[in-house]
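A structural walkthrough
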Amino acid sequence: MAGSGSSLFSGFRVLGLYSNHVPHVLRYHQKHREFYVVTSVGKCLHTYNVAHLGIVSVSNSLQDDITCVAADRMLVFAAAGRLVCALARNKEVVMRYRGHEQEVRLLLSLGDQLISADGGGHVIVWDVHAGDVYLRLHFDPSTFSVSAMMHPSTYLNKVLLGSSQGALQLWNVKSSKLLYTFPGWSAGVTVLQQSPAVDVVGVGTATGRIVIHNIRADETLMMFTQDWGPITSLAFRTDGPPVAASGSPQGHMAFWDLERQQLVAQQRHAHNTAVAAATFLHGEPLLVTNGADNAVKVWIFDQDGGGARLLRSRQGHRAPPTTICHHGNDGKNILSAGQDGTLQSFSSVHERFHKNLGHGGCARSISKKKEQKKKKNMSYGELRLPAITAFSSARQSDWDGIVACHRGRLATTTWNYQRCTMGAHHLQPPGGHSDAIATAVDITSCGNFTVVGSSCGRVDVYNLQSGLHRGCYGDKQKAHSGVVRGVAVDALNQLTVTIASDWLLKFWRFKNHKQEEEIKLNAAPASMKLHRDSGMLAVALDDFTLLIVDIETKRVVRKFCGHHGNTNGMTFSPDGRWLVTAGMDCTIRTWDIPSGSLVDCFLVSMAPVGVSMSPTGDFLATVHVDSLGVYLWTNKSLCGPVGLHPLSADYQPAEETLPGAAVHEVEREVISEEAEYAFRSSEQLGAELVTLSQLPESRWKSLLHLDAIKRRNKAVSAPVAGTSAPFFLPTVPGLTPRFATPIQEVQSKVYSCGPLSQRSKFSSALEACLQAGSFHVPIQLLKDLGPSAISVELACLSPEGGGDSSLLLAFVGMIDSMLASGRDFDLAHAYLGLFLKLHLRSLSQDAVAMEALLRLSLRLEAGWADLRASFHQSLCLLAYAKSALL
């Protein structure tokens, strides 16, 4: 049986993705007077304001990963594979440029033209608005492989190309002529950057050399050498001090004084990976950098000696996260531990609430004397703790509320969520257990104790406030004969549950550490998850089956089969009714515990390694293999009724696109040079909806009250005679004096509706549309008229006013078509009311007209019945929200 995706969860958004190895671009908005930085995240572009590094927009996904980005004052250009796309408002693809046969590596915006270069040596100059190829150049990759492009300032239609062989070429893209060739400096060119001085450019090479060169005179002004390898980025300050900044593959940055021609400062470990790009804000001492470590940073130069400090940053995991769980009872914060060793908190509300709890250091676990001796021989990375393999968090308290197990370490660490730092305690059992490691951890619901299981079979209890050891479970200080793979404590601190590789599930008294009962499992357990409110314990076995154990009766109450791989994560719904599991078979399954059946299942492109449902039940969070983000899925059951039914054993789930990775195929044309891309909504969003005309109320609300309005506006006093002729009669200017002709009488605006009068445009259009069946033209004519003119037009439809009975039937058909389409709902009722007021007496004597009115009445009643039900439901919900005690 084939599936149709998830009926319970829908992709919402992705958290924790900020940047990758693609260099960013900086834009300045003239109207907002603000700088924006655009970064690439896989197939999407993220735009942040530099003032706060707040997310402004996320673009629609492209069909392939983005390889390079460029921008002009109106559009952002992104290359994905062999395709180059132009995006308006940093979001929508409005133009696609096709012509490359290999992957596009470089983009350069040059006025109304766009220059792109691919790996095969092809350089194409595009007309941005027309999408046509303006110029095509080809270079032999063995002799001149284009590795950098730059437009020299004030050089009209000129482009400077750098090659991996070291040579540079200056081209005129308008005349397609090579103007000059620079021999280079015997090293491949990696970066080209315009300096604040005209004719002077900065050249970064693969050997770490920075060359400041005058391209007009072909003269090298100065050189610097960076000891950290190739130059990955180059930038110049424009706010006064003559300083250049260079980036390296190690993530270090160097700052050079161009006046004294020396190194003035360096910023080590600015990024954990290569600095992809560095850009100074024009006229400000601010530097924006990004790298493949999933970080965007803003540096400010206000330090003595010309150094910089970190002003603000947005940074996620630089290695895929492995474990997640929600922190707190509001469900707004998600704790995530990654392979990079960091513990971070992501907010589902806004990015400004994200927290980085940092990367713990080994200095806490050794004495200061030993640390001073060891630091001399230890590198920067060796001072850090290994990655977190498991952690548990508790409610907010005055002491540390997070306990984490680390890869290859027996000691567990505590963390403080409020201070965003590692805590003061390293929890380690007494005695020598050098070959054991901590494997499982859980914190009690009160937040005062933590239970830690280890690979040697020990299960220890610690006090979180003091960090003291409070005992262990089992005889001979061992609770199991195998590796402990899960520990849990019930809601009242009465019962402790443990599982291990010895195939045993054991129940212990929390206070006296005595064993109460044990269950022999059919396979080795892999992990477990306890729902404290209901007392249901989910156990995942190595044979891919799932067990539900009631810890009150200590019996297995449910067994689920369906996964075809290891279960990587489990989470309960807040009410304990659903169990959501994520497996290595790339499926996310929802099991209904009361009925014991599978009710929802869907595939994802990357295997999920962790899953957590918020305590409020609104979001499901997942993390996946080889992905740096935390993906949020909305719970559809909170938004409306969801029909869930048991799925068959042969159910084949359909793949759901990860949030933020959906490809949008919508393509709009470029409207004008100003690039004003206006979105036009459809006339009717749905057949079951009604749409208003959006005309002023005075155009239709007064149609039924024209008689009262005329009586109210009737003149009270008698008409006054006009003024006498002036003493000086008006003359026409010219050489020959001539008197001006008298003003003719104003033609009466009263329409003649006699039998011999000519029919109006509305009557003629209505009669013509009677045969065609489309009443768009007469409806539009009525919309352009005022209330008095509409009354006259409708009065002229009757035989007494110059019309005939066919026009009356045509008007009834026009109203019927308006009601059937659902558009101009207010106008249809207003026109019909005035029409019946004028012609009801004559229509009642026509059998054909009465039959048409009867059909129209049925359509009116059906439409009002649907609207009345919607109104009553909304009013009932509003009354309940105002009166109920929530």
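The residue numbers shown here count from 1 along each chain, following its written sequence. Only residues with pLDDT of at least 70 are given local features in this predicted model, and only at 80 or more are side-chain atom pairs given and counted; all residues enter the totals for whole chains, interfaces and linings. Excluding hydrogens and water, the side-chain figures rest on all heavy atoms present in the structure.

Description of the overall build of the chain
In this text, helices come from DSSP runs of H or I with a minimum length of four residues, and strands from runs of E with a minimum of two, each type numbered from the N-terminal end. Along its length, the chain carries 8 helices and 58 strands. Only protein chains enter the accessibility calculation, which uses a 1.4 Å probe; a residue whose area is less than 20% of its type maximum is buried, one above 50% is exposed, and one in between is partly exposed. Out of the 886 residues belonging to the chain, those deemed buried represent 49%. Should any heavy atoms of two residues lie within 4.5 Å, those residues are counted as being in contact. Considering only contacts in the chain between residues 6 or more positions apart, those separated by 24 or more positions represent 46%. As displayed, the chain offers around 43800 Å² of accessible surface, 53% of which is attributable to carbon and sulfur atoms. Using the Shrake-Rupley algorithm and a 1.4 Å probe, accessible areas are obtained, with residue cover drawn only from the displayed protein chains.

Comments concerning the packing of aromatic side chains
Two rings from Phe, Tyr or Trp (for Trp, the six-membered ring) form a pair when their centres are within 6.5 Å of each other. A pair whose planes differ by under 30 degrees is stacked, one over 60 is edge-to-face, and the rest are tilted. Applying the stated criterion across every chain, the model contains 16 aromatic pairs. Considering the side-chain rings of Phe139 and Phe144, the 5.2 Å spacing of their centres and the 35° angle between planes classify their relative orientation as tilted. The class for Phe144 is buried, based on a relative accessible area of 5%. Their ring planes at 85° and their centres at 5.0 Å tell us that Phe255 and Phe301 sit as a pair that is edge-to-face. Note that Phe255 is positioned in strand β24 (residues 253–257) and Phe301 in the loop between β28 (295–300) and β29 (309–315), a separation of 46 residues in sequence. The exposure classification of Phe255 matches that of Phe301, with both residues buried. One aromatic cluster in this structure is built from Phe139, Phe144 and Trp171. Positioned above the aromatic ring of Phe507, the side-chain terminus of Lys554 is 5.7 Å from the ring centre. Remark: a charge is flagged as sitting over a ring if the NZ atom of Lys or the CZ atom of Arg is within 6 Å of the ring centre and within 35 degrees of the ring normal.

Concerning the side chain of Thr498
By the element assignment, Thr498 lies in strand β43 (residues 495–500). Look at Thr498 and you get buried, because its relative accessible area is 0%. Setting aside residues up to four positions removed in sequence, Thr498 forms contacts with Val459, His480, Gly486, Val487, Leu504, Leu505, Lys506, Trp508 and Met528.

Focus: the pattern of salt bridges
One speaks of a salt bridge when a side-chain nitrogen belonging to Lys or Arg is within 4 Å of a carboxyl oxygen belonging to Asp or Glu. Following the criterion strictly, the structure yields 17 salt bridges and no others. The partner of Arg237 in a salt bridge is Asp239, and the shortest N-O contact between them spans 2.6 Å. Using a relative accessible area of 10% as the deciding quantity, one classes Arg237 as buried. Of the charged contacts in the structure, one is a salt bridge between Asp585 and Arg589, with a shortest N-O distance of 3.9 Å. Summarising the burial analysis for this pair, Asp585 and Arg589 share the class buried. Here the salt bridges share partners, and the residues they tie into one network are Arg509, Glu516 and Lys554.

Details of empty space enclosed by the protein
Unoccupied space between atoms shows up once a probe the size of one water molecule is rolled over them. In this analysis, the protein atoms alone were mapped onto a 1 Å grid. Cavities are point sets where a 1.4 Å probe fits without being able to get out; pockets are open sets with protein on both sides within 12 Å along at least five of seven lines; lining residues have an atom within 4 Å of a point. Grid points are joined across faces, edges and corners, and a volume is the space filled by probe spheres set on the points. Tallying each qualifying case throughout the model produces 5 cavities of 30 Å³ or more. A volume near 60 Å³ is recorded for the largest cavity. Forming the boundary of the largest cavity are Arg105, Asp118, Gly119, Gly121, Pro141, Ser145 and Val146. When residues are sorted by character, Ala, Val, Leu, Ile, Met, Phe, Trp, Tyr, Cys and Pro go into the nonpolar class, Asp, Glu, Lys and Arg into the charged class, and all the rest, Gly among them, into the polar class. Residue composition of the lining of the largest cavity, by class: 2 nonpolar, 3 polar and 2 charged. Each pocket or cavity is described by its volume, and for the second largest cavity that value is around 50 Å³.

Overview of the packing of helix α6 (residues 805–821) against helix α8 (residues 847–883)
Packing of α6 against α8 brings their axes to within 10 Å, and their N-to-C directions diverge by 15°. Comparing their axes, α8 and α6 come out roughly parallel. Handedness of the crossing formed by α6 with α8: left-handed. Along its contact with α6, which presents Leu809, Val812, Ile815, Asp816, Leu819 and Ala820, the element α8 presents Val848, Ala849, Ala852, Leu853, Leu856, Arg859 and Leu860. When the residues that make up the contact of α6 with α8 are grouped by side-chain class, the tally is 11 nonpolar, no polar and 2 charged. Axes here refer to lines fitted to C-alpha atoms; in helices the fit is confined to the stretch in contact. Angles between the N-to-C directions go from 0 to 180 degrees. Angles below 35 degrees are treated as roughly parallel, those above 145 as roughly antiparallel, those between 65 and 115 as roughly perpendicular, and all remaining angles as oblique. Throughout, a crossing is termed right-handed when the near helix is turned clockwise from the far one, and left-handed when it is turned anticlockwise from it by less than a right angle.

A look at the confidence of the model for the chain
pLDDT expresses how confident the predictor is about each individual residue, on a scale running from 0 to 100. When pLDDT is averaged along the chain, the result is 87, and 89% of the positions lie at 70 or above. Residue range residues 664–679 is modelled with pLDDT below 50. Its contacts to residues more than four positions away, or to other chains, number 36 contacts. Here residues 751–756 is a poorly scored stretch, pLDDT under 50, and it has 7 contacts once near neighbours within four places are set aside; other chains count.

What to know about the side chain of His326
Take His326: it is sitting in strand β30 (residues 321–327). Take His326: its relative accessible area is 11%, and that puts it in the buried class. Polar contacts, as counted here, are pairs of nitrogen or oxygen atoms within 3.5 Å of one another; within protein the pair requires one atom able to donate a hydrogen and one able to accept it, and residues that are adjacent in sequence qualify only if both atoms are side-chain atoms. Within the structure, the side chain of His326 is placed 2.8 Å from the side chain of Ser612, a separation counted as a polar contact. The residues contacting His326, other than those within four sequence positions of it, are Gly331, Asn333, Ile334, Ser393, Ser612, Met613, Ser614, Pro615 and Ala621.

Let's talk about the environment of Phe811
Its place among the elements puts Phe811 in helix α6. Separated by 20 residues in sequence, Phe811 and Tyr831 place their C-alpha atoms 9.6 Å apart. Ignoring sequence-local partners within four residues, the contact set of Phe811 consists of Phe762, Leu766, Leu782, Leu794, Leu797, Tyr831 and Phe835.

Quick notes on helix α3 (residues 761–772)
Any helix carries an expected span of 1.5 Å times its number of residues minus one. Between its first and last C-alpha atoms α3 spans 17 Å; for 12 residues at 1.5 Å apiece the expected length is 16 Å, and the two agree. When we look at burial in α3, the residues that qualify are Phe762, Ser763, Ala765, Leu766 and Cys769. Buried residues along α3 cover an arc of 160° about the axis, so they all sit on one side. For α3, exposure combined with an orientation more than 90 degrees from the buried face picks out Ala768 and Gln771. Within two residues after α3, Gly773 carries a phi angle of roughly 90°, on the positive side. Note that the arc is defined by the directions from the helix axis to the C-beta atoms.

Points about the pairing of strand β27 (residues 286–291)
For β27, the tally of buried residues reaches 6 of 6 residues, placing the bulk of the element in the interior. Residues Leu286, Val288 and Asn290 line one face of β27 and the alternating positions Leu287, Thr289 and Gly291 line the opposite face, and both faces are buried. Think of it this way: DSSP has to see at least two bridges between two strands before they count as a pair. In this sheet, β27 lies alongside strand β26 (residues 275–280) in antiparallel orientation, the contact comprising 5 bridges. Within β27, the position partnered with Thr279 by the bridge is Val288. Here β26 folds back onto β27, and the loop between the two strands holds 5 residues, one of which, Gly283, carries a positive phi near 75°. Across 6 bridges, β27 lies against β28 in antiparallel orientation. Bridge pairing in β28 links Leu286 to Ile300.

Focus on the sheet that holds β30
Taken in spatial order, the 4 strands make up an open sheet running β30-β31-β32-β33, and their pairing is antiparallel. In this open sheet, the two edge strands, each paired with only one partner strand, are β30 and β33 (355–359). Averaged over all pairs of adjacent strands, the angle between strand axes in this sheet comes to 15°, irrespective of strand direction. Taken together, the 5 bridges between strand β31 (residues 333–338) and strand β32 (residues 342–347) define a ladder with antiparallel strand orientation. Along β32, the bridge assignment pairs Ile334 with Phe346.

A closer look at the sheet that holds β29
Read across the sheet, 4 strands follow the order β26-β27-β28-β29 without closing on themselves; strand pairing throughout is antiparallel. Whereas interior strands pair on both sides, the edge strands pair on one side only; in this sheet they are β26 and β29. Going across the sheet, the axis of each strand differs from the next one's by a mean of 20°, ignoring polarity.

Concerning a nonpolar patch on the surface
The grouping of Trp864, Phe871 and Leu875 at the surface amounts to a nonpolar patch, some 320 Å² of accessible area in total. Mapped onto the secondary structure, Trp864 falls in helix α8. Residues with no salt bridge and a relative accessible area higher than 30% make up the patches, which join like charges within 9 Å and nonpolar side chains (Val, Leu, Ile, Met, Phe, Trp, Tyr) within 5 Å.

Considering the packing of α6 against helix α7 (residues 825–843)
In helix packing, the relevant descriptors are the interaxial angle and the interaxial distance, both defined with respect to the helix axes. Between α6 and α7, the least distance of the axes is 10 Å, while the angle of their chain directions is 155°. The angle between α6 and α7 falls in the class roughly antiparallel. Crossing of α6 over α7 shows left-handed handedness. Where α6 approaches α7, its residues Leu808, Phe811, Val812, Ile815, Met818 and Leu819 are matched on the opposing element by Phe825, Leu827, Ala828, His829, Tyr831, Leu832, Phe835, His839 and Leu843.

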